[in-house]
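Listed here are the chains, written in short residue letters.
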There are 2 protein chains.
Amino acid sequence: MSEILDIAAALSRLLKAENVLLICHKNPDGDTIGSAAALYWALKGLGKTVAVLCADPIPSRYDYMDIGLYTGQFTPGYTVAVDVAGIQLFGDSIAEYTRRIDMCIDHHPSNSGYADCMLLDGDAAATAEIIYELLTAIGTEITPTIADCLYTGLSTDTGCFKFANTTARTHEIAAKLITAGASLVKLNNILFESKSRSRLAIERLALESLEYSFGGRCATVYLTKEQIAETGADGTDLEGITSLPRMIEGVEVGITIRQQPTGSYKVSVRTVTGVDASAICAHLGGGGHKQAAGCELLGSLDNAKAALLTEVEKALCKES
Amino acid sequence: MSEILDIAAALSRLLKAENVLLICHKNPDGDTIGSAAALYWALKGLGKTVAVLCADPIPSRYDYMDIGLYTGQFTPGYTVAVDVAGIQLFGDSIAEYTRRIDMCIDHHPSNSGYADCMLLDGDAAATAEIIYELLTAIGTEITPTIADCLYTGLSTDTGCFKFANTTARTHEIAAKLITAGASLVKLNNILFESKSRSRLAIERLALESLEYSFGGRCATVYLTKEQIAETGADGTDLEGITSLPRMIEGVEVGITIRQQPTGSYKVSVRTVTGVDASAICAHLGGGGHKQAAGCELLGSLDNAKAALLTEVEKALCKES
Ligand SMILES: [Mn+2]
Ligand SMILES: [Mn+2]
């Protein structure tokens, strides 16, 4: 297991480190990229050689962070994983750099402790919160660019301050970043006011397939493998859809059924407080959390739907 | 014109006031209701007789504020308009109480100055920000209920901290309200994670009608009067739709055309920075702001679309 560090200890190791390689998780999100980028700019400001490595390309909407990517320009002397809960999240294509990780900075309570040492804060809404405190401890000036990077991490991991992980500290840091010059309007537009054409197309199909059951207490959407292929919807687009049926007024259980390329059905269940999504899925061989769970079903669509609705009915009857 | 007050002066008048009637604007939103409710609970805590009046019913999703509504239980001694920019926004049904307004607390720079005295802060993202400062100055304890009321105003007027009016102060106050016990998860669910069935239905129809022009730089959605009537979509549902086409990746001009009961077309134009929405609409007899404008067109749908696209093309060519 990792040696557990506090901010001061992490700081002193980072200040000693040379030729620092910052590593993001695969399918990078705003927090892993924003946190790595903020640390990149801070370490660069201290005169260090530093670069960022990620198994997947950085989506172009994050171009404003102007990250220096690692392309073999130096031999890594110290590796720091940022927002990466386990080694399986690095991605195989960068395996030569992830065999040994010197430090991990993360906010996932589930972090497997793969790194030599770890700065972990499971109460932080985003890794960006931890990086903010680290940079404050170093005394780094929070430049407008660093503020943009940290705001990106903070806001994307909290759904723009909407999700349950948001705390008073999240808002306090956001206030500090805005004062430091974060481009609030530009970033919110890029991060939250924009949808891909494929996302819109898949939303349309989802809405067309919408069915209500149990007097509107359950809503189900269904997407065929052909529809998914046609629209070009990617994993993020499809994940976004799963929250849609539960958002409808009066709906307590929202179900999204996605036909897989193999023909099986990937089912996502989202519930309101009081209805147990994991119980619904557990009876069908799946699992998850109280308000978000999933399972995979085989056979005909009608049978899959019938099995699901039987479990939904039980859960609605048990409602606390 | 109104006498302009600072916090201390407003405070001293409120402390002297008896039988206080707090008045919201018609079609009440989270800010006018949340601000009035917070002031209601604070004044009640000081032992005053106080009630809230609104020309329209308070939507049931705001029930958690537990506002005491005015039903003629006392003769108003002091009237305070909250978040009401002009007298036309009171609503005719409460005209007997709005002929003379003693005080107005507002954040709209356009406030017409109809009240005897006014506490106006045009930089505040929401009237709830001003009420927060007022209550802090009184020394009122911010109870969890008052925190819920103020969080409602703050978050709804900023689209959950997403709109351009959000400032560092907005986040600072949000942090204080969360610390004071605002029910963040419950409120965000009610306010931002829920859509009416009619809103979903109208979104579906909007997506079905989506057309791209100029290589995807312009997106247009169109809703017939029959579709609007069928879905039962109300003003809020329809307003929500107008931001949809502009949100699509690559789209610089988003147009929503709604056929009115009379058959004319109500057009909303939303643009990205650099494209002037008001110029597009001005040439068609309408107007508005740089990024959000509107106009009304008569005649056939094809002619209306053609006229619009001609102006859109000009605006795209002029793009700065
Ligand atoms: Mn994260
Ligand atoms: Mn307001």
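These numbers were taken from a predicted model, which means no experiment stands behind them.

Q: Describe in detail the coordination of the manganese ion (ligand 1), supporting the description with residues and values.
A: Metal coordination angles in their ideal form are 109.5 degrees for the four-donor tetrahedron and 90 or 180 degrees for the six-donor octahedron. Residues and elements named next belong to chain A. Around the manganese ion (ligand 1), the donor atoms from the protein are Asp31 (OD), Asp83 (OD), His107 (NE2) and Asp157 (OD), and they sit 2.2 to 2.3 Å away. The sequence motif formed by the donor residues of the manganese ion (ligand 1) is D-x51-D-x23-H-x49-D. Taken together, the positions of aspartate 31 in helix α2 (residues 30-45) and aspartate 157 in helix α5 (residues 144-157) put the pair 126 residues apart, joining distant regions of the chain. Look at aspartate 31 and you get buried, because its relative accessible area is 0%. For aspartate 157, a relative accessible area of 17% puts it in the buried group.

Q: Got a sec to walk through the confidence of the model for chain A? Specific residues and values, please.
A: Detail in the predicted coordinates should be disregarded across regions flagged by low pLDDT. When pLDDT is averaged across chain A, the result is 94; 100% of the residues are at 70 or more. With pTM at 0.88, the complex prediction returns an ipTM value of 0.87.

Q: Got a sec to walk through the relation of the copies chain A and chain B? Specific residues and values, please.
A: Between chain A and chain B, the superposition needs a rotation of 180° and an axial shift of 0.1 Å, giving an RMSD of 0.1 Å. What the rotation and shift describe, once combined, is the action of a two-fold rotation axis. Most of the interface of chain A is mirrored in chain B, where 97% of its interface residues are also at the interface.

Q: Could you give an account of the domain arrangement of chain A, with specific residues and numbers?
A: Domain boundaries assigned for chain A yield domain 1 (3-192) and domain 2 (197-319). Relative to domain 2 of chain A, the C-alpha centre of domain 1 of chain A lies at a distance of 33 Å.

Q: Now, about the UniProt feature "domain: DHHA1" (unreviewed entry) in chain A: what can you tell me, with residues and values included?
A: Following the UniProt record, one finds the feature "domain: DHHA1" (unreviewed entry) at residues 228-314 of chain A. In this annotation, residues 228-314 of chain A is assigned 36% helix and 25% strand; the end-to-end C-alpha distance for the span is 31 Å.

Q: Lay out the coordination of the manganese ion (ligand 2) in plain terms, naming residues and giving numbers.
A: All names here are of chain B. Summarising the metal site, the manganese ion (ligand 2) is bound by the protein donors Asp31 (OD), Asp83 (OD), His107 (NE2) and Asp157 (OD), whose distances to it range over 2.1 to 2.3 Å. The sequence motif formed by the donor residues of the manganese ion (ligand 2) is D-x51-D-x23-H-x49-D. Within this pair, whereas aspartate 31 is found in helix α2 (residues 30-45), its partner histidine 107 is found in the loop between β5 (103-106) and β6 (117-120), the two being separated by 76 residues in sequence. On the accessibility criterion, histidine 107 (8% relative accessible area) is buried.

Q: Describe the sheet that holds strand β1 (residues 3-4) of chain B, naming the residues involved and giving the relevant values.
A: All names here are of chain B. Pairing within the open sheet is parallel, and its six strands lie in the order β1-β6-β5-β4-β2-β3. Both edges of this open sheet fall to β1 and β3 (50-53), since each of them pairs with a single strand only. In this sheet, β6 lies alongside β5 in parallel orientation, the contact comprising four bridges. Note on β6: the bridge partner recorded for aspartate 106 is leucine 120.

Q: Give a detailed account of the sheet that holds strand β11 (residues 287-288) of chain A, specifying residues and quantitative values.
A: The strands making up a sheet associate through backbone hydrogen bonding, with each pair oriented either parallel or antiparallel. Residues and elements named next belong to chain A. Read across the open sheet, the six strands follow the order β7-β8-β9-β10-β12-β11; overall the sheet is mixed. The open sheet terminates on both sides in strands that have one partner only, identified here as β7 (211-213) and β11. In the packing of helix α12 (residues 301-317) onto the sheet, the strands contacted are β7, β8 (218-223), β9 (253-259), β10 (265-271) and β12 (292-297), and the crossing angle to β9 comes to about 160°.

Q: Give me the pairing of β8 of chain A: which residues, what numbers.
A: Residues and elements named next belong to chain A. β8 sits mainly inside the fold: six of its six residues count as buried. Here β8 shows two buried faces, one formed by Cys218, Thr220 and Tyr222 and the other by Ala219, Val221 and Leu223. In this sheet, β8 lies alongside β7 in antiparallel orientation, the contact comprising three bridges. Opposite tyrosine 212, over in β8, you have alanine 219 as the bridge partner. The hairpin turn running from β7 into β8, its antiparallel successor, is four residues long, and phenylalanine 214 in that turn takes a positive phi close to 50°.

Rules used in this analysis
- Residues numbered from 1 in each chain as written.
- Chains lettered and ligands numbered in written order.
- Predicted model: local features only at pLDDT ≥ 70, side-chain atom pairs only at ≥ 80, totals over all residues.
- Heavy atoms only, no water.
- Donors = N, O, S within 2.8 Å, 3.2 Å for Na, K, Ca; no water.
- Helix = DSSP H or I, 4+ residues; strand = E, 2+ residues; numbered from the N terminus.
- Buried < 20%, exposed > 50% of the residue type's maximum accessible area, 1.4 Å probe, protein only.
- pLDDT = per-residue confidence, 0-100.
- Least-squares fit on C-alpha atoms with pLDDT ≥ 70 in both.
- Contact = heavy atoms within 4.5 Å.
- Domains from an automatic or database assignment.
- UniProt positions renumbered as here; feature names shortened; annotations may be inferred.
- Pairing = 2+ DSSP bridges.
- Axes fitted to C-alpha atoms, helices over the stretch in contact; angles between N-to-C directions.

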